[in-house]
Amino acid sequence: MKFIAILLLCSRLLPSLTQDYHLEEIDCNDEDVFKSVDSALKKYNSESKSGNQFVLYRITEVNKTGEEEPFYSIKYQIKEGDCPVQSGKSWQDCDYKEAEQAATGECTAIVGKRGDTKFVVATQTCQITPVGGPVVTSQYDCFGCVHPISPASPDLEPFLRYAIQHFNNHTERSHLFALKEVKRAEKQMVIGWNYKVTYSIEQTNCSKENFLFLTPECKVLLNGDIGECIDRAYMDPKRRITSFSQNCNLYRGEDFVPLPTLICRGCPKEIPVDSPELVEPLNHSIAKLNAENNGTFYFKIDTVKRATTQVIAGIRYSIEFMARESTCSKESDKELTEDCEINLLGEILSCTADVIVVRWEDKIYPTVNCQSLGKTSMLKRPPGFSPFRSVQVEETKEVTTKQLRHCEYKGRPQKAGAEPASQSEVS
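Scope of this entry: the structure provided in the associated data block. Remember, predicted model here, so these are calculated numbers, not experimental data.

Let us now look at the overall build of the protein chain. The secondary structure content of the protein chain amounts to six helices and 17 strands. Residues counted as buried form 42% of the 427 residues belonging to the protein chain. Accessible area for the protein chain stands at about 23700 Å²; split by element, carbon and sulfur atoms hold 50% of it.

Below, the structure is given as structure tokens:
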């Protein structure tokens with residue numbers, strides 16, 4: 001029942017999700033923003049069965065869509081507090097644990113406002129970094145960003161089941177088709193999710209006359225027909241597919257030539273960003289970057305955005321990735337290893353790499369070009385009555401600089417005589 005309100009709010013926005021979806025960036029000092037974050041953080045803490053509650057540290061980004069009963073897309077940071085989750089206290093009644101003992105986290109949430117006072121959390125994902133340890137939950141999806149996902153991702157299972165069933169129900173083929181291979185997939189987080197998936201299908205021995213749907217008895221025909229499909233779908237917050245389009249090209253089994261080969265034998269071909277094939281070229285890319293960079297600290301690859309491979313005089317890998325400054329210093333004579341953690345306040349680079357691998361010569365030729373996206377510096381907050389205040393400025397090596405408005409939670413007074421809490425704070 002709790003999803004009904006969410007779905008009613010989302011249903012009015014569905015046409016815009018696949019066409020003109022506009023977000024308005026707003027000031028995170030807005031009282032409704034605080035109430036939205038309050039709802040999201042309370043929901044996150046309520047879902048924990050053990051340990052301590054997390055306390056709001058800072059809001060880093062806020063976007064809003066719609067004027068009447070709007071949705072807020074929010075990114076915020078949290079720190080572990082000293083209140084157990086079973087204490088019955090609100091997170092606002094908790095203090096931060098000591099820094100060296102506190103886990104930290106970063107969350108993204110979509111919160112809808114109903115009426116003047118009710119806030120409904122449509123979706124939320126948090127990544128938590130324990131003390132001295134790695135991130136223990138998956139990285140959140142960037143609201144509005146389109147990014148590739150692994151063809152083997154479990155997120156694709158309901159999409160693929162729906163797609164194969166749709167094909168078998170809406171074509172005049174005499175036999176059922178089954179999934180052969182997922183080629184590429186990408187996802188966009190909106191109020192729900194947009195998917196685009198490229199995959200191949202193959203004919204089975206199950207005729208539609210005798211089988212209504214695929215069963216374990218359906219086996220792929222050795223010389224059966226083959227198809228390639230590109231499908232798009234919108235999945236609502238309850239993970240139901242409410243909008244779907246399918247475009248499939250079918251070929252006789254003996255006539256089929258895979259599409260990339262048919263178009264161009266030497267053309268670049270996209271490969272999954274988590275492909276094991278990329279491990280070697282990525283290692284050479286980051287080694288080249290660190291060798292040419294004059295900074296004090298090593299950089300570490302954070303995210304691979306896109307990758308292609310091309311057969312030339314060898315194999316050429318073209319890779320787009322994000323690199324971030326690590327905590328390992330070059331002056332310590334320590335090399336970059338898995339133990340080197342990313343410095344969350346360090347410099348960020350957007351990089352492109354061309355790596356040519358010539359196996360028969362046992363040689364690798366990497367070229368890396370990077371552009372600095374700047375780094376953030378944290379300022380101490382002075383006392384004040386607002387639960388938020390602007391505290392971050394992005395410093396960039398580029399000519400153009402951009403100021404980011406990050407809002408930091410003031411927290412409740414911890415000593416006698418401290419200034420009173422904000423009147424706009426949610427109880």
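So much for the structure itself; the text now carries on.
Let us look at the pattern of salt bridges. Across all of its chains, the model carries 15 salt bridges by this definition. The residue Asp-38 makes a salt bridge to Lys-42 at a minimum N-O spacing of 3.2 Å. One end of the pair, Asp-38, and the other, Lys-42, are both in helix H3 (residues 31-46), four residues apart, so they sit about a helical turn from each other. Its relative accessible area of 4% is what places Asp-38 among the buried residues. Across the pair Lys-183 and Glu-181 runs a salt bridge whose closest N-O atoms are separated by 3.5 Å. Classification of Lys-183 by relative accessible area gives partly exposed; the value is 28%. Accessibility expressed as a relative area gives 39% for Glu-181, which makes it partly exposed.

With that settled, the discussion passes to the state of the cysteines. The tally for this structure, following the rule as stated, stands at six disulfides. Cys-83 shares a disulfide with Cys-94; S-S distance 2.3 Å. Disulfide Cys-83 to Cys-94: torsion about the S-S bond roughly -125°, handedness left-handed. Taken together, the positions of Cys-83 in strand S3 (residues 71-84) and Cys-94 in the loop between S3 and strand S4 (104-114) put the pair eleven residues apart, joining distant regions of the chain.

About the criteria used
- Residues numbered from 1 in each chain as written.
- Predicted model: local features only at pLDDT ≥ 70, side-chain atom pairs only at ≥ 80, totals over all residues.
- Heavy atoms only, no water.
- Helix = DSSP H or I, 4+ residues; strand = E, 2+ residues; numbered from the N terminus.
- Buried < 20%, exposed > 50% of the residue type's maximum accessible area, 1.4 Å probe, protein only.
- Areas by Shrake-Rupley, 256 points an atom, 1.4 Å probe, with all protein chains shown as cover.
- Salt bridge = Lys/Arg side-chain N within 4 Å of Asp/Glu carboxyl O.
- Disulfide = S-S within 2.5 Å.

The values reported here are purely geometric and, on their own, carry no functional implication.
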